[in-house]
Amino acid sequence: MTEDPFVAHRSLLFTVAYEMLGSAADAEDVLQDSWLRWAGVDRAQVRDPRAYLVRTVTRQALNRLRTRSRSREDYVGEWLPEPLLTSPDVAEDIEFAENVSIAMLTVLETLGPTERAVFVLHEVFEMPYGEIAEAVGKTATAVRQIARRAREHVAARRPRMQVSRSEQQVVVERFLSALRTGRLQELLDVMAPDVVLIADGGGFAAAAPTPVHGAEPVARLLARPGRTVSVVWLNGAPAGRVEIGGRLSAVSLVVEDGKVTRIHAVANPQKLTRLAEPTELAR
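Below is a short write-up of the structure. (Residues numbered from 1 in each chain as written. Predicted model: local features only at pLDDT ≥ 70, side-chain atom pairs only at ≥ 80, totals over all residues. Heavy atoms only, no water.)

**Some remarks on the sheet that holds strand E2 (residues 212–213)**
Okay, step 1: Judged by pairing direction, the sheet is mixed, and its six strands sit side by side in the order E2-E1-E6-E5-E4-E3 without closing on themselves. The open sheet has two edge strands, E2 and strand E3 (228–234), and neither has a second partner.
Okay, step 2: In this sheet, strand E6 (residues 259–266) lies alongside strand E5 (residues 247–256) in antiparallel orientation, the contact comprising seven bridges. Across the sheet, residue Val-254 finds its bridge partner in E6, namely Arg-262.
Okay, step 3: Against the sheet, helix H10 (residues 165–181) makes contact with strand E1 (191–200), E3, strand E4 (237–244), E5 and E6, and its axis sits at roughly 10° relative to E4, the strand it touches most. (Pairing = 2+ DSSP bridges. Helix = DSSP H or I, 4+ residues; strand = E, 2+ residues; numbered from the N terminus. Contact = heavy atoms within 4.5 Å. Axes fitted to C-alpha atoms, helices over the stretch in contact; angles between N-to-C directions.)

This is how it looks when you write it as structure tokens:
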């Protein structure tokens, strides 16, 4: 029996939805809605099932994005993307790993829904403008203009310098070691002077309600012993799994010039359900 195209492309479809939404839970809901629509389609009329399914998922994700933007105002504290446990193999595709990173997903949150869809489909999944136009309900000319604006927007906000995966891993391990001991000076030594900590508790876990700026304030906030810290791979990059007092959090880092410049800490338990088994991401 030939495998159903939806099943064959499920990892790709999940990744498209997750890149657009930054939430695995929302991405799964989008896939469920898309599957119901696919189940009612006359397959004989579909020339390219992969392209058709990507368009369907994109439209459903756009609908959810537009609805969610109205409810995000009620979120308690800072909002961060939902981290995913991934295989280290994801990091082998450097460009893809960068695009699914927590840092990039955080930048994508600053785009409007259509801009985000166009950026994701073209820059991450390399879809031609004509296909994107069908997915977002715009002309190909309009999509080109949207893509240019989105690229400029993202370029101005993404991490300034690229580091090798090995350098990233060394600095992450140094930071997590300092976090494990809770020693102030060790934390100060591994962080850039202008480091920023963004924490997401969602009202369900203790977290700084606004970003914390500067190495000294961040180090004092983090300098607490008694944590259980381990290195894990989140969204294609080395990161930290942290437990203290029975509470779990996931810590993703941006590294530039051998120092940690940005810390994304997710403590909201509703966003930590995908840390037991690796999620398969694909493009």
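Once you've had a look at it, read on.
**Quick notes on the side chain of Ser-252**
Okay, step 1: Note on placement: Ser-252 falls in strand E5.
Okay, step 2: The class for Ser-252 is buried, based on a relative accessible area of 10%.
Okay, step 3: Residue contacts for Ser-252: discarding those within four places in its chain leaves Ile-102, Leu-234, Ala-239, Arg-262, Ile-263 and His-264. (Buried < 20%, exposed > 50% of the residue type's maximum accessible area, 1.4 Å probe, protein only.)

**Considering helix H8 (residues 129–136)**
Okay, step 1: What H8 keeps buried is the set Tyr-129, Ile-132, Ala-133, Ala-135 and Val-136. Taken end-on, H8 shows its buried residues confined to a sector of 165°, consistent with a single buried face.
Okay, step 2: A positive phi of about 75° marks Gly-137, the residue just after H8. (Arc of directions from axis to C-beta.)

**Comments concerning the pattern of salt bridges**
Okay, step 1: Per the stated rule, a full pass over the model turns up 19 salt bridges.
Okay, step 2: Taking the shortest distance from any N to any O, the salt bridge between Arg-55 and Glu-134 comes out at 3.8 Å. Residue Arg-55 is found in helix H4 (residues 49–71), and its partner Glu-134 is found in helix H8; the two are separated by 79 residues along the sequence.
Okay, step 3: Residue classification places Arg-55 among the buried positions, given a relative accessible area of 16%. (Salt bridge = Lys/Arg side-chain N within 4 Å of Asp/Glu carboxyl O.)

**Looking at the packing of aromatic side chains**
Okay, step 1: If you walk through the whole model with that rule in mind, you get three aromatic pairs.
Okay, step 2: Ring centres of Phe-6 and Trp-35 lie 5.2 Å apart, and the angle between their planes is 65°; on these two criteria the pair is classed as edge-to-face. Taken together, the residues Phe-6 in helix H1 (residues 5–8) and Trp-35 in helix H3 (residues 24–39) connect sequence positions 29 residues apart.
Okay, step 3: For Trp-35, a relative accessible area of 32% corresponds to the partly exposed category.
Okay, step 4: An angle of 50° between the planes, with centres 5.8 Å apart, marks the rings of Trp-38 and Tyr-52 as tilted. Of this pair, Trp-38 sits in helix H3 while Tyr-52 sits in helix H4, and the two are 14 residues apart along the sequence.
Okay, step 5: Of the residues examined, Tyr-52 reaches a relative accessible area of 26% and is grouped as partly exposed. (Phe/Tyr/Trp six-rings, centres within 6.5 Å; stacked < 30°, edge-to-face > 60°.)

In short, the description is geometric, and any link to function would need to be established separately.
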